[in-house]
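Observations on chain architecture
The chain contents come next:
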Amino acid sequence: MEIHYYGHATCEVIVGEHHIWIDPFLSDNPLLKDRPVDIASGRVDAIVLTHGHSDHTGDALLMAKTHNAPLIATFELAQHFAQQGANVHPMNLGGGYTFPFGRIRLVPAFHSSSLADQNGQPIYLGMPAGVVLTTETGTLYHAGDTALFTDMKLIGELYRPDVALLPIGDNFTMGPEEALIAATWIQAPYVIPIHYNTFPVIEQDATRFIEALKDKGLTGVPLKVGESFRLPASH
Ligand code: NI
Ligand code: MN
């Protein structure tokens, strides 16, 4: 399993020949201003969305249509994009489904989930989610946008993720202090901080977070935009 990071909460997970995108936020992502991503290029086998906010769903519809790839999301969010012509796979919290590349489970996240309509009014789109992707080459947990909650312990116990992607930006999600607690509860050997330094309000020092993880016996992987992490084969 290889994880390619595009900044914010956007990543491309490569499992064998399959490319699974989580929360594609590319065209309007300030971190990609100098390195635009061509949505039409590359391979897209599936797109997984944690919730409706535009910094997570930005390019999802275009990407899904361009590649005829399924959008995997909670029921209301999937329906919203199905109405706009996307091929979708609706799921809901607690449920799993085995796709050709591995098993996806949607797990709880404490946040909100909406998109603005043409008048700027929020359309509420069901519950937000975290994503657990279990494959032959390892298990990934992408927490989505979330507060700290004690059932993260359960996610750790049940699914034993090898790598956890945790928001550290604060303001809209957990900050670094809460994310550190989350990491100790989840016990994934590798932790990738996400959802920070995209906007001034979520600026954080990832280096300090990585140091704090080290004190807890966990390995932080501070991916810069455009960098990849390959999960060691032993995991
Ligand atoms: Ni959000
Ligand atoms: Mn967000």
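The text that follows walks through the structure, step by step, so that each part is easy to find. If you're wondering where the values come from, they're calculated on a predicted model, not measured in any experiment.

1. Quick look at the packing of aromatic side chains
Think of a pair of aromatic rings as described by two things: how far the centres are apart, and how the planes are tilted against each other in angle. Scanning all chains against the criterion turns up five aromatic pairs. Ring centres of Tyr190 and Phe229 lie 5.1 Å apart, and the angle between their planes is 50°; this geometry places the pair in the tilted category. Within this pair, whereas Tyr190 is found in strand 14 (residues 190-194), its partner Phe229 is found in strand 16 (residues 228-230), the two being separated by 39 residues in sequence. For the pair shown, Tyr190 and Phe229 are each scored as buried.

2. Overview of the pattern of salt bridges
Per the counting criterion, the structure on display carries three salt bridges. As a salt-bridge pair, Glu2 and Arg230 come within 2.9 Å of each other at their nearest N and O atoms. Of the two residues, Glu2 sits in strand 1 (residues 2-5) while Arg230 sits in strand 16, which places them 228 residues apart along the sequence. Note that Asp45 is salt-bridged to Arg43, the shortest N-O span being 2.8 Å. Accessibility expressed as a relative area gives 34% for Arg43, which makes it partly exposed.

3. Describing the coordination of the manganese ion (ligand 2)
Those protein atoms acting as donors to the manganese ion (ligand 2) are Asp55 (OD), His56 (NE2), Asp145 (OD) and His195 (NE2), and they sit at 2.1 to 2.2 Å. Here the nickel ion (ligand 1) and the manganese ion (ligand 2) are spaced 3.2 Å from one another, each receiving a donor from Asp145. You can see Asp55 sitting in helix 1 (residues 54-57) and its partner His195 sitting in the loop between strand 14 and helix 6 (206-215), a full 140 residues away along the chain.

4. Re the sheet that holds strand 7 (residues 96-99)
The mixed open sheet is built from seven strands, whose spatial order is 7-8-11-12-13-14-15. For this open sheet the edge positions go to strand 7 and strand 15 (219-220), each flanked by a neighbour on one side alone. Bridging between strand 11 (residues 129-135) and strand 12 (residues 138-142) involves five bridges; their strand directions are antiparallel. When the sheet's bridge partners are listed, Thr135 is paired in strand 12 with Gly138. Along the sheet, helix 5 (residues 176-186) contacts strand 12, strand 13 (163-167) and strand 14; its crossing angle with strand 13, the most-contacted strand, is approximately 160°.

5. Structural notes on the coordination of the nickel ion (ligand 1)
Listed as protein donors to the nickel ion (ligand 1) are His51 (NE2), His53 (ND1), His111 (NE2) and Asp145 (OD); their distances from the metal cover 2.2 to 2.3 Å. Between the four donor atoms coordinating the nickel ion (ligand 1), the angles at the centre fall across 89 to 179°, so the site counts as irregular. In primary sequence terms, the donor set of the nickel ion (ligand 1) follows H-x1-H-x57-H-x33-D. Judged by its relative accessible area of 0%, His51 is buried.

6. What to know about the sheet that holds strand 5 (residues 71-74)
In spatial order, the strands read 6-5-4-3-2-1-16; together these seven strands make up an open sheet with mixed pairing. In this open sheet, the two strands that pair with only one neighbour each are strand 6 (88-91) and strand 16. Each adjacent strand pair in this sheet contributes to an overall mean axis angle of 20°, direction not counted. Alignment of strand 1 against strand 16, held across three bridges, turns out to be antiparallel. Looking at the pairing, His4 lines up with Ser228 of strand 16. Sitting on the sheet, helix 2 (residues 60-67) touches strand 3 (18-22), strand 4 (46-48) and strand 5, and the angle it makes with strand 4 is about 165°. Packing of helix 3 (residues 75-82) onto the sheet brings it into contact with strand 5 and strand 6, and relative to strand 5 it is tilted by some 135°.

7. Some points on helix 2
Turning to helix 2, its buried residues number three or more, namely Ala60, Leu61, Met63, Ala64 and His67. Mapping the buried residues of helix 2 onto a view down its axis gives an arc of 165°, with all of them on the same face. Turning to helix 2, the residues buried within the fold contact strand 3, strand 4, helix 1, strand 5 and helix 3. Directly after helix 2, the chain includes Asn68, whose backbone phi takes a positive value near 50°.

8. Topic: the pairing of strand 3
Within strand 3, five of the five residues are buried, which leaves the element mostly enclosed by the surrounding structure. Going residue by residue along strand 3, you find His18, Ile20 and Ile22 tucked away on one face and His19 and Trp21 tucked away on the opposite face as well. One ladder, built from five bridges, connects strand 2 (residues 11-15) with strand 3; its direction is antiparallel. Paired with Cys11 across the two strands is Ile22, which belongs to strand 3. Here three bridges tie strand 3 to strand 4, and the two strands are oriented parallel to one another. By the bridge assignment, Trp21 is partnered in strand 4 with Ile47.

Conventions we followed
Residues numbered from 1 in each chain as written. Chains lettered and ligands numbered in written order. Predicted model: local features only at pLDDT ≥ 70, side-chain atom pairs only at ≥ 80, totals over all residues. Heavy atoms only, no water. Phe/Tyr/Trp six-rings, centres within 6.5 Å; stacked < 30°, edge-to-face > 60°. Helix = DSSP H or I, 4+ residues; strand = E, 2+ residues; numbered from the N terminus. Buried < 20%, exposed > 50% of the residue type's maximum accessible area, 1.4 Å probe, protein only. Salt bridge = Lys/Arg side-chain N within 4 Å of Asp/Glu carboxyl O. Donors = N, O, S within 2.8 Å, 3.2 Å for Na, K, Ca; no water. Pairing = 2+ DSSP bridges. Contact = heavy atoms within 4.5 Å. Axes fitted to C-alpha atoms, helices over the stretch in contact; angles between N-to-C directions. Tetrahedral: all angles 85-135°; square planar, octahedral: opposite > 155°, others 65-115°. Arc of directions from axis to C-beta.

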